[in-house]
Amino acid sequence: MRSVQKKAVDLLIESAREVFEMMVMRHLELGTPIEGDAPRPKSNVVGTVSFAGSESGLVAFYSTMDAAKQIAGSLLGMPAAEVNGEMPDAIGEITNMIAGALRTKMTDAGHPWAISIPTVTIGSDFYTRYVSDVSRVLCPFKMEDEEICVELIMMKN
């Protein structure tokens, strides 16, 4: 793993934990990061935010529908069972906050990035593949009984 990518993965983990503790009021327990094209997690909800600057790529957020509703409920101050159409916006915002925190930390470390608006995909039978030559590091977390993941996908130089 390149040193910039290693730094970015460490800062991504830190950013995800900070956002979840401050905004979702949940602690994230880190699993073992997975480098490369390992199978992606089972997820119904995927948020992405692209970045460009000294490096380019994207930050992806993966969760099940149940976890996404819990996250949205915490953000909105309502029970997860009452979350309906608000969930995509909430997941987009969580993804944006994680990517934004990472961008700020990378800029402070001398790697200025700009980020895109978030995109959220919801479904049950899709696979995301990148046509460019990229390196991927998937960081799985436990959020109580649910698994969520964040992934750093960077263009190879």
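Scroll up to find the structure this text is about.
Just so you know, these numbers come straight off a predicted model, no measurement behind them.

Criteria and thresholds
- Residues numbered from 1 in each chain as written.
- Predicted model: local features only at pLDDT ≥ 70, side-chain atom pairs only at ≥ 80, totals over all residues.
- Heavy atoms only, no water.
- Helix = DSSP H or I, 4+ residues; strand = E, 2+ residues; numbered from the N terminus.
- Rg over C-alpha atoms; globule rule 2.2 N^0.38 Å.
- Buried < 20%, exposed > 50% of the residue type's maximum accessible area, 1.4 Å probe, protein only.
- Contact = heavy atoms within 4.5 Å.
- Areas by Shrake-Rupley, 256 points an atom, 1.4 Å probe, with all protein chains shown as cover.
- Lys, Arg positive; Asp, Glu negative; His and termini not counted.
- Charge placed at Lys NZ, Arg CZ, Asp CG, Glu CD.
- Axes fitted to C-alpha atoms, helices over the stretch in contact; angles between N-to-C directions.
- Parallel < 35°, antiparallel > 145°, perpendicular 65-115°, else oblique.
- Disulfide = S-S within 2.5 Å.
- Pairing = 2+ DSSP bridges.

Caption draft 1: A look at the overall build of the protein. The helix and strand tally for the protein stands at three helices and eight strands. Starting at the N terminus, the α and β elements of the protein follow one another as α-β-β-β-β-α-α-β-β-β-β. The C-alpha atoms of the protein give 15 Å as radius of gyration, which agrees with the globular expectation for 157 residues (15 Å, within 12%). Based on the C-alpha atoms only, the size of the protein along its principal axes is roughly 45 × 35 × 30 Å. Within the protein, the proportion of its 157 residues that are buried is 45%. A sequence separation of at least 24 residues applies to 66% of the contacts in the protein between residues at least 6 apart. Entry remark: accessible area of the protein is about 7800 Å², with carbon and sulfur atoms responsible for 51%. Of the side-chain charges in the protein, 14 are positive and 21 negative, and the distance between the mean point of each set is 6 Å.

Caption draft 2: Just the packing of helix H2 (residues 65–76) against helix H3 (residues 87–108), in detail. Interaxial distance between H2 and H3 falls to 9 Å at its minimum, and their mutual angle equals 80°. The orientation of H2 with respect to H3, classified from their angle, is roughly perpendicular. In this structure, H2 uses Met65, Ala68, Lys69, Ile71, Ala72 and Leu75 to contact H3, whose residues at the interface are Met87, Ala90, Ile91, Ile94 and Met97.

Caption draft 3: Representation of the state of the cysteines within the structure. One pass over the structure, following the stated rule, counts zero disulfides. The structure places no disulfide on Cys139, whose sulfur is separated from the nearest cysteine sulfur, that of Cys149, by 8.5 Å. With a relative accessible area of 0%, Cys139 lands in the buried category.

Caption draft 4: Seen up close, the environment of Ala38. Within the secondary structure layout, Ala38 lies in the loop between strand S2 (34–35) and strand S3 (45–53). Sequence-wise, Ala38 and Leu138 are 100 residues apart; in three dimensions their C-alpha atoms are separated by 8.6 Å.

Caption draft 5: A look at the pairing of strand S8 (residues 146–155). With eight of ten residues buried, S8 is to be regarded as a mostly interior element. Note that strand S4 (residues 57–63) and S8 share six bridges and pair antiparallel. Across the sheet, the residue bridging to Tyr62 is Cys149, located in S8. Across ten bridges, strand S7 (residues 134–143) lies against S8 in antiparallel orientation. Looking at S8, one finds that Pro140 is bridged to Cys149. The loop that links S7 with its antiparallel partner S8 comprises two residues; one of these, Glu144, has a positive phi angle of about 55°.

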